[in-house]
Amino acid sequence: MLYLSSLEEAKNVIAALNAPMRVEILKLLYNTPGQSMDQLAKALGLTNSAVSLHVAKLAQAGLVRIDAAPGRRGSAKLVSPCFDRLVIDMAQSRREELYYQDDIRVGCFTSFGIAPTCGLATCQGIIGALDDVRAFTFPEHFEAEILWFASGYVEYLLPNHLQPGQKLERLEISFEISSECPGFNEDYPSDIHFSINGIPLGVWISPGDYGARRGYVSPSWWPSSLNQYGLLKNLIISREGTFMDGGQKLSGVTTEDLHIDYNSLITLRIEVPRDTLNCGGCTLFGEQFGDYNQAIRIKAFYT
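Residues numbered from 1 in each chain as written. Predicted model: local features only at pLDDT ≥ 70, side-chain atom pairs only at ≥ 80, totals over all residues. Heavy atoms only, no water.

Undergrad: Explain the side chain of Ser-80 to me, and be specific about the residues and the numbers.
TA: Turning to its location among the elements, Ser-80 is positioned in strand β4 (residues 74–81). A polar contact is formed between the side chain of Ser-80 and the backbone nitrogen of Gly-34, at a distance of 3.0 Å. Beyond its immediate sequence surroundings of up to four residues, Ser-80 is in contact with Pro-33, Gly-34, Val-64 and Arg-65. (Helix = DSSP H or I, 4+ residues; strand = E, 2+ residues; numbered from the N terminus. Polar contact = N/O pair within 3.5 Å; in protein donor to acceptor, adjacent residues only side chain to side chain. Contact = heavy atoms within 4.5 Å.)

Shown next, in the form of structure tokens:
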């Protein structure tokens, strides 16, 4: 699935789809992925050059990919769709707000302390071996697009772009997350604790570890026996308190309580304590795994 967080981010996709012939091309590709330019041209009654222009527009918007394959006369260009679903958040802010935004790969943790079951993977393969804690120390962990652990924590250093005189008003941290059960179990609650700079923000209970279907953006080699996708959650710390998705209040901790200014380091800890009531582990999904093509996303609003 292709997830776009705003109309601004979606404008290239909307423009690419604003042509009936490009929609027809996508319909053909969803029925039969991996068609050549010749096949598309014949099916649509177009010239190869016209098809190439339409396909180029779709590729620029990230909707299709073009792979080279051996053909009768050199190599052939085979076209396949990248996603089978499109989600666009169209709600606009009521007023102009100042903010900065950064994406952090799930493997870019700065410290950890975990217990198996555990593991990490890049979009090419598993790092180290499954359930081997040592893999979290390997240099390639920075490239990881998924990680999981049964108990313990991972900690991230969040970017701070505040300048002198600027004041943090709201911090939003979004991520795709689930529990961690050996294999998967969709009814497997887990108490996932969040803290910033050592200040506990509250606990969100993950309902389960999802695997009854494949994740929409997970690589084809990813085993179907492992967890497949999570829920896209948005942790919000504001002047009113700490919330999950804006509705569920986790605690009364506010941005004022964090005492963050332009000199501050900002550390985020995601933790499942061994002695918590529901010790069901944690899985974090990055851009190349799960249902949503995004990393850990930080938006900091300031005045």
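Undergrad: Got a sec to walk through the pairing of strand β8 (residues 146–158)? Specific residues and values, please.
TA: With twelve of its 13 residues buried, β8 lies for the most part within the structure. Taken together, the nine bridges between strand β7 (residues 111–121) and β8 define a ladder with antiparallel strand orientation. Within β8, the position partnered with Leu-120 by the bridge is Leu-147. The pairing of β8 with strand β16 (residues 282–285) spans four bridges and is antiparallel. From the neighbouring strand, Trp-148 faces β16, where its bridge partner is Thr-283. Two strands pair when backbone bridges link them, and β8 and strand β15 (residues 266–272) are joined in this way by seven bridges, in the antiparallel orientation. Considered in β15, the bridge of Tyr-153 is made with Glu-271. (Buried < 20%, exposed > 50% of the residue type's maximum accessible area, 1.4 Å probe, protein only. Pairing = 2+ DSSP bridges.)

Undergrad: Pulling in residues and values, what's your account of the nonpolar core?
TA: The nonpolar side chains of soluble globular proteins are, as a tendency, buried together. In terms of nonpolar packing, the biggest core is built from 44 residues, with Leu-147, Tyr-156, Ile-173, Phe-194, Ile-196 and Ile-270 touching the most fellow members. Leu-4, Leu-29, Val-79 and Val-217 belong to the second-largest nonpolar core, a separate cluster that totals 21 residues. (Core = buried A, V, L, I, M, F, W, Y, C linked by side-chain atoms within 4.5 Å.)

Undergrad: Before we move on, could you go through the environment of Thr-110 and cite the residues and values that matter?
TA: Topologically, Thr-110 is positioned in the loop between β6 (98–104) and β7. Those residues in contact with Thr-110 that lie beyond four places of it in its chain are Glu-155, Tyr-156 and Leu-157.

Undergrad: Describe helix α4 (residues 48–60), listing the residues and the values that go with them.
TA: Taking 1.5 Å of rise per residue, the 13 residues of α4 would be expected to cover 18 Å, and the 18 Å separating its terminal C-alpha atoms lies within 8% of that figure. Considered for burial, the residues of α4 that qualify are Val-51, His-54, Val-55 and Leu-58. Mapping the buried residues of α4 onto a view down its axis gives an arc of 100°, with all of them on the same face. Seen from the buried face of α4, the exposed residues on the opposite side, beyond 90 degrees, are Ser-49, Leu-53 and Gln-60. (Expected span 1.5 Å × (residues − 1). Arc of directions from axis to C-beta.)

Undergrad: Lay out the pattern of salt bridges with the relevant residues and their values.
TA: Following the criterion strictly, the structure yields 15 salt bridges and no others. Its salt-bridge partner being Lys-167, residue Glu-256 comes within 3.4 Å of it at the nearest N-O pair. Here Lys-167 lies in the loop between β8 and β9 (168–178) and Glu-256 lies in helix α5 (residues 255–258), a separation of 89 residues in the sequence. Residue class for Lys-167 comes out partly exposed when judged on its relative accessible area of 41%. Among the salt bridges present, the one from Arg-239 reaches Glu-169, with a minimum N-O distance of 3.0 Å. Linking Arg-239 in the loop between β12 (231–237) and β13 (242–244) with Glu-169 in strand β9, this pair joins segments that are 70 residues apart in sequence. Exposure remark for Arg-239: the relative accessible area of 25% places this residue in the partly exposed category. Through salt bridges with shared partners, a single network forms among Lys-167, Glu-169, Arg-239 and Glu-256. (Salt bridge = Lys/Arg side-chain N within 4 Å of Asp/Glu carboxyl O.)

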